[in-house]
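# Results of the structural survey
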Amino acid sequence: MCGIIGYTGNNKAVPYLLEGLGRLEYRGYDSTGIATTQGNSINITKAKGRLSVLKSIIASKKQSTSTVGIGHTRWATHGEPSTVNSHPHLSRNGLFAVVHNGIIENYKELKSDLQKDGYVFRSDTDTEVIAHLLERNYDGDLVSTVSKTAKMLTGAYALCILCRDFPEKIVCTRLGSPLVVCTGDEGTFVSSDTLAISGHADKVFRPKAGEIILLAKDKVSFFNKALKEIFITPEKLTLKSTDTDKEGYEHYMLKEIMEQPEAVRSTLSHIIKNGRISFDSFSLTKQEAEAIRGIYIVACGSAYHVGVSGKYIIEKLTGIPTHTDIASEFRYRNPPVSKNDLCIIISQSGETADSIAAMKKVKEKGAKVLSLVNVEGSTISLSGDYVIHTKAGPEIAVATTKAYSCQLAVIYCLGVYFSSLLGILSEKEQSRLIEEILSLPETIEATIVATRSKAESLSELFTEKEHAYFIGRGTDYAAAMEGSLKLKEISYIHSEAYGAGELKHGTISLIEPGTMVVALMSDENVFTKTYSNVREVKARSARVLAVSTKKHEHEISSLDHCIIIPDCSSLTVPSAEIIPLQLLSYFTALKRSCDIDKPRNLAKSVTVE
Ligand code: AGP
């Protein structure tokens, strides 16, 4: 996944481009570049490495006075991270410059066709094909040239294009990758998301797939696939520039861990009103709920871990068979989904390619899709039959925390909602569970306070380790998966999550004196069973860090190390026990001097399969 940005207005373009690329770095950061127009020439500066490398090159040059430009920050798909492969890419005679987010699936055929026409390629990227095609298709009209070129492409793309003949304009189009256009007193912007522009514009336009957008200093024109000019109603852009500010924290990840109580409070405030659960864009009748044959929860990474928790929670509350799958497997296994099933796609970004593909598969089979998404206006948000938005606010750190907690909170609400619809929960039980859900922000707050310093000190146990194991049963197993992912994705320590009862079926052979095992023991239903698994690894001299509730403090205090979370509802305990695991990972990565907000090889949203 990459980030793209463009600006045209009366102010200097480069500061907007560099600020925007800094806010888009979470989408990819192995190389960056900008292109600006100056009279009838296009000037390009690009470099391998982080944005700071590009900034130092630009600072060493004569300051650009250009008021039009495009920029790009890359997560390499085709062509290794290098200066020549970084964007923008120029067409053969320098007539066009292009930045691109997405993948052109038929680029090889197009490339060989262009090479037969004598086009010489400088890079190994798919994007350079677009630049040369634009030049070959150029008919003097930007919109028709882009339309002709886009029709030749298969795959996903969001494009920002400069043309030497129209130095004050930017032309864009999208298919399968996100692109927003924002306007305000400072000029006209285009970007992969509104975060990059927040604080500089007050209106946002969300062009649909295939539409072409022509940006001028004080005018934006939209064209449909028939090249007819259309009118798009803008939305008010509410993001503040502080949304993208660390506000004194050393890392976005720590800021976002601390924001969890408020993020969950904001999410719940849109769902629980006057003690009742109701979703803005999702409702079922009792008959519809009774007709549900099964629920499929499909997602990737941490969102999938929420799905695993959801399986246990929804089945326990409703008895509806609930299946969970990682999207990259689900999309290719021809799942037996039918119109009587409900599919829940969970995604923070709403742009994860595998989850989008899984959603398409489900819709082809006639099932309804409920999107559970944090980014409004994203592909998954717009494509569901129903949608529930978490209100975590922008999540910048690649390692998700507050969005994860908000997704869990919505899962609890869905479980109670379905169970109430089916008449399983009495009014009294419903009210009790809703009260427990409403106390989640306080539970999370109390857990942060109770576990932060312990997690920081215990992170010492991991900083020199090469391996760690997370074990748990029931919803503790989902927490083990998420805790394991948090540790490995930001501290680069190899870590595995295992069902505690599964260890003896092979993996226990890896347990040797001093092996770190984190035992999640907060699911009351299986505490004693997990405890016996802990004894098994202790018998092999593992070093155990147990995480459990205050109720079991006396039992686990005999283990090597323990983190006690405040007693809370059995329904919402997954939200509490993940907090010390987030903090443990954060402080371990900090002590290992890892790049916490932008871990190597990762991107915030994986928009390629
Ligand atoms: C989690 O910390 C990771 N950043 C990653 O696993 C992420 O959860 C996954 O890529 C799914 O992203 P999404 O929620 O935006 O679809």
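The structure we're discussing is the one just above.
Report follows, based on the coordinates. (Residues numbered from 1 in each chain as written. Predicted model: local features only at pLDDT ≥ 70, side-chain atom pairs only at ≥ 80, totals over all residues. Heavy atoms only, no water.)

## A closer look at the packing of aromatic side chains
- Scanning all chains against the criterion turns up 14 aromatic pairs.
- Judged by centre distance (5.5 Å) and plane angle (80°), the ring pair of F96 and Y138 falls under edge-to-face. You can see F96 sitting in strand β6 (residues 96-104) and its partner Y138 sitting in the loop between α4 (127-137) and α5 (142-150), a full 42 residues away along the chain.
- Owing to a relative accessible area of 0%, F96 belongs among the buried residues under this scheme. (Phe/Tyr/Trp six-rings, centres within 6.5 Å; stacked < 30°, edge-to-face > 60°. Helix = DSSP H or I, 4+ residues; strand = E, 2+ residues; numbered from the N terminus. Buried < 20%, exposed > 50% of the residue type's maximum accessible area, 1.4 Å probe, protein only.)

## Re helix α15 (residues 440-458)
- The terminal C-alpha atoms of α15, which comprises 19 residues, lie 25 Å apart, in line with the 27 Å expected from a rise of 1.5 Å per residue.
- Along α15, the residues that are buried comprise L440, P441, T443, I444, T447, I448, T451, A455 and L458. (Expected span 1.5 Å × (residues − 1).)

## Side note on unusual backbone geometry
- Look at the link from H87 to P88: it is a cis peptide, with omega at 5°.
- Tracing the backbone through its elements, the reader meets P88 in the loop between β4 (68-74) and β5 (89-90).
- With a phi angle near 65°, L227 is a residue other than glycine that sits in the positive phi range.
- At Y492, a residue that is not glycine, the phi angle is positive and equals roughly 65°.
- Secondary-structure assignment places Y492 in the loop between α17 (475-491) and β24 (494-499).
- Its relative accessible area of 25% is what places Y492 among the partly exposed residues.

## Comments concerning the sheet that holds strand β20 (residues 341-347)
- An order of β19-β18-β20-β21-β22 is seen for the five strands of this open sheet, with the pairing classed as parallel. Strands with a single pairing partner mark the edges of an open sheet, and in this sheet they are β19 (322-326) and β22 (386-389). Averaged over all pairs of adjacent strands, the angle between their axes in this sheet comes to 20°, without regard to strand direction.
- Note that β20 and strand β21 (residues 368-373) share six bridges and pair parallel. Across the sheet, residue S347 finds its bridge partner in β21, namely V373.
- Set on the sheet, helix α11 (residues 353-364) makes contact with β18 (294-299), β20 and β21; between it and β21 the angle comes to about 160°. (Pairing = 2+ DSSP bridges. Axes fitted to C-alpha atoms, helices over the stretch in contact; angles between N-to-C directions. Contact = heavy atoms within 4.5 Å.)

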